[in-house]
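Listed below, chain by chain, are the residues.
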Amino acid sequence: SPKTTQDINDQNQAIRYTNGENYTLTESDIAEIEKAQAILNQTFGKAAEHIEVTTFANPPKDVRHLITSDVEGWFNPKTGKVTLIADSINATKTMSKEERLQFVAWHEMAHRGINVGYKGSYDSLMQEVGRNKAISQIADAIQAQRKNTDDLAATNRAVAIEEAIAEVMAANETGKWNELESRYG
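Parameters at a glance
- Residues numbered from 1 in each chain as written.
- Predicted model: local features only at pLDDT ≥ 70, side-chain atom pairs only at ≥ 80, totals over all residues.
- Heavy atoms only, no water.
- Helix = DSSP H or I, 4+ residues; strand = E, 2+ residues; numbered from the N terminus.
- Contact = heavy atoms within 4.5 Å.
- Polar contact = N/O pair within 3.5 Å; in protein donor to acceptor, adjacent residues only side chain to side chain.
- Expected span 1.5 Å × (residues − 1).
- Buried < 20%, exposed > 50% of the residue type's maximum accessible area, 1.4 Å probe, protein only.
- 1 Å grid on protein atoms, 1.4 Å probe; cavity = no way out; pocket = protein on both sides within 12 Å on 5 of 7 lines; lining within 4 Å.
- Points joined across faces, edges and corners; volume = space filled by probe spheres on them.
- Nonpolar A, V, L, I, M, F, W, Y, C, P; charged D, E, K, R; others polar.
- Axes fitted to C-alpha atoms, helices over the stretch in contact; angles between N-to-C directions.
- Parallel < 35°, antiparallel > 145°, perpendicular 65-115°, else oblique.
- Left-handed = near helix turned anticlockwise from the far one by under 90°.
- Phe/Tyr/Trp six-rings, centres within 6.5 Å; stacked < 30°, edge-to-face > 60°.
- Core = buried A, V, L, I, M, F, W, Y, C linked by side-chain atoms within 4.5 Å.

Just give me the short version of the environment of Thr92, but keep the residues and values in it.
With respect to the helices and strands, Thr92 occurs in the loop between β5 (81-85) and α3 (97-117). As a C-alpha pair, Thr92 and Arg183 span 91 residues in sequence and 9.6 Å in three-dimensional space. Apart from residues no more than four positions distant in its own chain, Thr92 is found in contact with Arg100 and Glu179. A distance of 3.0 Å separates polar atoms of two side chains, one belonging to Thr92 and the other to Glu179.

Structural data, given as C-alpha coordinates:
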(Lines give C-alpha, C1' and ligand atoms only; values in the text may rest on other atoms or scores of the structure.)
Protein backbone atom coordinates (compact mmCIF):
# COMPACT_ATOMS: atom_id res chain seq x y z
CA SER A 1 0.00 0.00 0.00
CA PRO A 2 1.13 3.59 -0.45
CA LYS A 3 3.46 4.78 2.28
CA THR A 4 2.39 7.34 4.85
CA THR A 5 4.62 10.19 5.98
CA GLN A 6 5.47 8.13 9.07
CA ASP A 7 6.43 5.12 6.93
CA ILE A 8 8.69 7.31 4.81
CA ASN A 9 10.20 8.93 7.90
CA ASP A 10 10.80 5.49 9.42
CA GLN A 11 12.37 4.32 6.16
CA ASN A 12 14.42 7.51 6.12
CA GLN A 13 16.03 6.50 9.41
CA ALA A 14 17.72 3.57 7.72
CA ILE A 15 20.61 4.43 5.43
CA ARG A 16 19.96 3.34 1.85
CA TYR A 17 22.76 2.56 -0.57
CA THR A 18 22.83 3.79 -4.13
CA ASN A 19 25.83 3.22 -6.38
CA GLY A 20 27.89 2.40 -3.31
CA GLU A 21 27.15 5.73 -1.63
CA ASN A 22 25.04 6.42 1.44
CA TYR A 23 21.73 8.01 0.55
CA THR A 24 18.88 9.17 2.76
CA LEU A 25 15.59 10.49 1.46
CA THR A 26 15.54 14.27 1.54
CA GLU A 27 12.54 16.39 2.46
CA SER A 28 12.20 17.18 -1.25
CA ASP A 29 12.16 13.44 -2.09
CA ILE A 30 9.50 12.82 0.55
CA ALA A 31 7.37 15.71 -0.73
CA GLU A 32 7.64 14.48 -4.33
CA ILE A 33 6.75 10.92 -3.34
CA GLU A 34 3.79 12.05 -1.22
CA LYS A 35 2.46 14.32 -3.98
CA ALA A 36 2.70 11.50 -6.53
CA GLN A 37 1.03 9.04 -4.18
CA ALA A 38 -1.84 11.45 -3.50
CA ILE A 39 -2.46 11.79 -7.26
CA LEU A 40 -2.29 8.02 -7.73
CA ASN A 41 -4.63 7.36 -4.79
CA GLN A 42 -7.15 9.76 -6.33
CA THR A 43 -6.73 8.23 -9.81
CA PHE A 44 -6.68 4.51 -8.89
CA GLY A 45 -8.42 4.27 -5.53
CA LYS A 46 -7.79 0.85 -3.95
CA ALA A 47 -5.76 -0.30 -6.98
CA ALA A 48 -3.09 2.25 -5.96
CA GLU A 49 -1.91 -0.38 -3.45
CA HIS A 50 -0.16 -2.04 -6.41
CA ILE A 51 1.89 1.09 -7.12
CA GLU A 52 5.06 2.11 -5.27
CA VAL A 53 6.67 5.51 -5.77
CA THR A 54 10.35 6.20 -5.25
CA THR A 55 13.05 8.55 -6.53
CA PHE A 56 15.84 8.04 -9.04
CA ALA A 57 18.50 8.11 -6.33
CA ASN A 58 16.67 5.57 -4.18
CA PRO A 59 15.36 2.69 -6.36
CA PRO A 60 14.72 -0.82 -5.01
CA LYS A 61 17.98 -2.79 -4.64
CA ASP A 62 16.93 -5.60 -6.99
CA VAL A 63 16.60 -3.24 -9.99
CA ARG A 64 19.12 -0.53 -9.12
CA HIS A 65 21.54 -1.66 -11.86
CA LEU A 66 18.78 -1.40 -14.50
CA ILE A 67 17.67 2.16 -13.75
CA THR A 68 18.74 4.99 -16.02
CA SER A 69 17.58 8.59 -15.84
CA ASP A 70 15.03 8.05 -18.63
CA VAL A 71 13.23 5.21 -16.81
CA GLU A 72 9.88 6.48 -15.51
CA GLY A 73 8.55 3.22 -14.11
CA TRP A 74 8.15 -0.52 -14.55
CA PHE A 75 6.03 -3.51 -13.64
CA ASN A 76 7.77 -6.28 -11.71
CA PRO A 77 6.08 -9.61 -12.49
CA LYS A 78 7.81 -11.26 -9.50
CA THR A 79 6.18 -8.90 -6.98
CA GLY A 80 3.09 -7.87 -8.94
CA LYS A 81 3.97 -4.25 -8.14
CA VAL A 82 4.34 -1.21 -10.35
CA THR A 83 7.15 1.16 -9.38
CA LEU A 84 7.25 4.77 -10.53
CA ILE A 85 10.26 7.08 -10.32
CA ALA A 86 8.64 10.37 -9.31
CA ASP A 87 11.54 12.65 -10.20
CA SER A 88 12.07 11.01 -13.61
CA ILE A 89 8.53 11.80 -14.75
CA ASN A 90 8.37 15.21 -16.40
CA ALA A 91 5.96 17.31 -18.41
CA THR A 92 5.88 16.62 -22.16
CA LYS A 93 4.73 18.70 -25.12
CA THR A 94 1.18 17.54 -24.49
CA MET A 95 0.99 16.85 -20.73
CA SER A 96 1.79 18.42 -17.38
CA LYS A 97 4.01 16.48 -14.96
CA GLU A 98 0.90 15.34 -13.05
CA GLU A 99 -0.81 14.19 -16.25
CA ARG A 100 2.35 12.35 -17.31
CA LEU A 101 2.47 10.64 -13.89
CA GLN A 102 -1.06 9.32 -14.44
CA PHE A 103 -0.25 8.29 -18.02
CA VAL A 104 2.85 6.36 -16.93
CA ALA A 105 0.92 4.73 -14.07
CA TRP A 106 -1.83 3.58 -16.47
CA HIS A 107 0.83 2.33 -18.89
CA GLU A 108 2.50 0.24 -16.18
CA MET A 109 -0.84 -0.99 -14.82
CA ALA A 110 -1.61 -2.21 -18.36
CA HIS A 111 1.57 -4.31 -18.21
CA ARG A 112 0.39 -5.63 -14.85
CA GLY A 113 -3.01 -6.54 -16.27
CA ILE A 114 -1.53 -8.27 -19.31
CA ASN A 115 0.99 -10.23 -17.25
CA VAL A 116 -1.45 -11.22 -14.52
CA GLY A 117 -4.46 -11.90 -16.74
CA TYR A 118 -2.91 -13.52 -19.81
CA LYS A 119 0.12 -15.45 -18.53
CA GLY A 120 -0.75 -18.70 -20.31
CA SER A 121 -1.75 -17.19 -23.64
CA TYR A 122 0.69 -14.26 -23.89
CA ASP A 123 2.36 -15.12 -27.20
CA SER A 124 -0.86 -15.88 -29.04
CA LEU A 125 -2.51 -12.77 -27.57
CA MET A 126 0.36 -10.53 -28.70
CA GLN A 127 0.27 -12.10 -32.16
CA GLU A 128 -3.48 -11.54 -32.44
CA VAL A 129 -3.45 -7.96 -31.12
CA GLY A 130 -0.41 -7.20 -33.29
CA ARG A 131 -2.64 -7.62 -36.34
CA ASN A 132 -4.41 -4.38 -35.39
CA LYS A 133 -3.08 -1.67 -37.69
CA ALA A 134 -2.81 1.06 -35.02
CA ILE A 135 -1.12 -1.25 -32.50
CA SER A 136 1.24 -2.51 -35.20
CA GLN A 137 2.21 1.04 -36.24
CA ILE A 138 2.90 2.08 -32.65
CA ALA A 139 4.91 -1.13 -32.10
CA ASP A 140 6.93 -0.33 -35.26
CA ALA A 141 7.68 3.16 -33.91
CA ILE A 142 8.64 1.77 -30.50
CA GLN A 143 11.04 -0.71 -32.10
CA ALA A 144 12.58 2.02 -34.25
CA GLN A 145 12.99 4.39 -31.27
CA ARG A 146 14.60 1.70 -29.11
CA LYS A 147 16.85 0.27 -31.82
CA ASN A 148 20.46 -0.20 -30.62
CA THR A 149 19.41 -0.16 -26.96
CA ASP A 150 19.27 -3.07 -24.53
CA ASP A 151 15.48 -2.64 -24.28
CA LEU A 152 13.84 -5.97 -25.15
CA ALA A 153 11.12 -4.15 -27.14
CA ALA A 154 13.80 -3.18 -29.69
CA THR A 155 14.18 -6.77 -30.87
CA ASN A 156 11.22 -8.73 -29.52
CA ARG A 157 8.01 -8.03 -31.46
CA ALA A 158 5.71 -9.39 -28.72
CA VAL A 159 7.27 -7.03 -26.18
CA ALA A 160 6.92 -4.10 -28.60
CA ILE A 161 3.26 -5.00 -29.10
CA GLU A 162 2.73 -5.14 -25.33
CA GLU A 163 4.33 -1.68 -25.07
CA ALA A 164 1.95 -0.41 -27.77
CA ILE A 165 -1.06 -1.88 -25.93
CA ALA A 166 0.08 -0.21 -22.71
CA GLU A 167 0.46 3.13 -24.50
CA VAL A 168 -3.04 2.86 -26.01
CA MET A 169 -4.55 1.94 -22.64
CA ALA A 170 -2.83 4.89 -20.97
CA ALA A 171 -4.08 7.25 -23.69
CA ASN A 172 -7.60 5.84 -23.36
CA GLU A 173 -7.67 6.10 -19.56
CA THR A 174 -6.23 9.63 -19.47
CA GLY A 175 -7.82 10.98 -22.64
CA LYS A 176 -4.34 12.05 -23.79
CA TRP A 177 -4.46 10.60 -27.31
CA ASN A 178 -2.33 13.50 -28.55
CA GLU A 179 0.57 12.06 -26.54
CA LEU A 180 0.60 9.03 -28.83
CA GLU A 181 0.75 11.22 -31.91
CA SER A 182 3.48 13.34 -30.33
CA ARG A 183 5.58 10.29 -29.41
CA TYR A 184 4.92 7.95 -32.33
CA GLY A 185 3.71 10.08 -35.25
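Residues and numbers for helix α6 (residues 157-174), please.
If you check α6, its first and last C-alpha atoms are 26 Å apart, about what 18 residues at 1.5 Å a residue would give, namely 26 Å. Taken residue by residue, α6 has Ala158, Val159, Ala160, Ile161, Glu162, Glu163, Ala164, Ile165, Ala166, Glu167, Ala170 and Ala171 as its buried positions. Two to three positions downstream of the cap, the backbone nitrogen of Ala158 sits 3.0 Å from a side-chain oxygen, assigning the N-cap of α6 to Asn156. Just beyond α6, the residue with positive phi is Gly175, at close to 75°.

So what about the layout of surface pockets? Which residues, and what values?
Roughly 1,400 Å³ of internal volume is contained in the largest pocket. When the residues that make up the lining of the largest pocket are grouped by side-chain class, the tally is 14 nonpolar, eight polar and 13 charged.

Explain the packing of helix α4 (residues 122-129) against α6 residue by residue, including any values.
The interhelical angle for the contact between α4 and α6, taken along N-to-C directions, is 65°, at an axis separation of 9 Å. Here α6 runs roughly perpendicular to α4, going by the angle between their axes. Our pair here, α4 against α6, has a crossing hand that is left-handed. Two secondary-structure elements touch here, α4 through Tyr122, Met126 and Val129 and α6 through Ala158, Val159, Ile161, Glu162 and Ile165. Split into classes, the residues belonging to the contact of α4 with α6 amount to seven nonpolar, no polar and one charged.

An account of the packing of aromatic side chains is needed here, citing residue identities and associated values.
All chains considered together, the criterion is met by one aromatic pair. Measuring from ring centre to ring centre gives 4.4 Å for Phe44 and Trp106, while their planes differ by 45°; the resulting arrangement is tilted. Residue Phe44 is found in helix α2 (residues 27-44), and its partner Trp106 is found in helix α3; the two are separated by 62 residues along the sequence. What makes Phe44 buried here is its relative accessible area of 10%.

Before we move on, can you summarise the nonpolar core with the specific residues and values?
Counting residues in each nonpolar core, the largest one holds 41 residues, and the members touching the most others are Leu40, Phe44, Ile51, Leu84, Leu101 and Met126. The set of elements that each furnish at least two residues to this core consists of α2, β3 (51-54), β5, α3, α4, α5 (133-145), α6 and α7 (177-184). Element by element, the count of residues in this core is highest for α6, at eight residues. Sequence-distant contacts of Met126, that is, excluding residues within four places in its chain, are made with Ile114, Ala158, Ile161, Glu162 and Ile165.

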